[in-house]
Amino acid sequence: MTNARKSAANDEPAEGFTAEERAAMKERAKEVKASARRTSKAEKAAEDEAAVVAKIAEMQETDRVMAERVHAIVKESAPQLAPKLWYGMPAYARDGKVVCFFQSAEKFKSRYATLGFSDQANLDDGTMWPAAYALTRLTASDEARIAELVKRAVH
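Keep in mind that what you see is a predicted model, and the values were worked out from it rather than measured.

The rules behind each value
Residues numbered from 1 in each chain as written. Predicted model: local features only at pLDDT ≥ 70, side-chain atom pairs only at ≥ 80, totals over all residues. Heavy atoms only, no water. Phe/Tyr/Trp six-rings, centres within 6.5 Å; stacked < 30°, edge-to-face > 60°. Helix = DSSP H or I, 4+ residues; strand = E, 2+ residues; numbered from the N terminus. Core = buried A, V, L, I, M, F, W, Y, C linked by side-chain atoms within 4.5 Å. Buried < 20%, exposed > 50% of the residue type's maximum accessible area, 1.4 Å probe, protein only. Contact = heavy atoms within 4.5 Å. Expected span 1.5 Å × (residues − 1). Arc of directions from axis to C-beta.

Student: Give me the packing of aromatic side chains: which residues, what numbers.
Tutor: Taken as a whole, this structure holds three aromatic pairs when the rule is applied. Ring geometry for phenylalanine 117 against tyrosine 133: centres 6.3 Å apart, planes inclined by 90°, an arrangement best described as edge-to-face. Taken as a pair, phenylalanine 117 in strand β4 (residues 113–117) and tyrosine 133 in strand β5 (residues 132–135) lie far apart in primary sequence, 16 residues in all. Among the aromatic residues, ring-to-ring pairing joins Trp86, Tyr87 and Phe101 into one connected group.

Student: I'd like to hear about the nonpolar core, residue by residue, with values.
Tutor: Residues Leu81, Phe102 and Phe117 are the most contacted members of the largest nonpolar core, which totals 28 residues. Contributions of two or more residues to this core are made by α2 (41–58), α3 (61–77), β3 (97–103), β4 and α4 (140–153). Residues contacting leucine 81, with those up to four places away along its chain left out, are Val74, Tyr92, Ala93, Arg94, Val99, Cys100, Val150 and Val154.

Student: Can you tell me about α2, naming the residues and giving the values?
Tutor: One full turn of an α-helix is made of 3.6 residues, so residues set three or four places apart face in the same direction. Its 18 residues place the ends of α2 26 Å apart at the C-alpha level, agreeing with the 26 Å of an ideal helix rising 1.5 Å per residue. Here α2 has its buried residues at Asp48, Val52, Lys55 and Ile56. Summarising the axial view, the buried residues of α2 lie within an arc of 100°, below the 170-degree limit, and thus occupy one face. For α2, the exposed residues set more than 90 degrees away from the buried face come down to Ala42, Ala57 and Glu58. Among the structural elements, α1 (19–37), α3, β1 (82–86) and β2 (89–94) are those in contact with the buried residues of α2.

Student: Explain α4 residue by residue, including any values.
Tutor: Counted at 1.5 Å a residue, the expected span for α4 with its 14 residues is 20 Å, and the 20 Å between its end C-alpha atoms agrees. Within the span of α4, buried status applies to Glu143, Ile146, Ala147, Leu149, Val150 and Ala153. Seen from one end, α4 has its buried residues packed into an arc of 165°, which puts them on one side. Pointing more than 90 degrees away from the buried face of α4 are the exposed residues Ala140 and Ser141. In this fold, the buried residues of α4 make contact with α3, β2, β3, β4 and β5.

Note that all results are geometric; they support no functional claim without further evidence.
Have a look at this one:
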């Protein structure tokens, strides 16, 4: 497909992946390669934590402040989750499988950041439940709710 083929509504490619999606896939490929090179579990954990902190530090201020709080809340509420990058986003995994992640608003040019949960999270509630939450800022009440969700997700 050439870039000449655009959708009329949003000036993005009519088919295929956006530039942001392609960038996320490239970041994921780098993450997988870096993970394969590590030798010890402790080295992997330390490098993953440092990579998450560095990725958060790169974010624009509003997203960075929220990501720092989410990072702290997850580490406190579910210390069994291991920080790691996932498609270039801060994520938290159990046994290598992502349970939750923070997606900055700038990642995909969205108007809000997202706290998302994968199918590994134990948040089931009947036949339908939210798996992602839009974030524009965090209040004390929001932080308490995130802590509750993360604790529930790992039990």
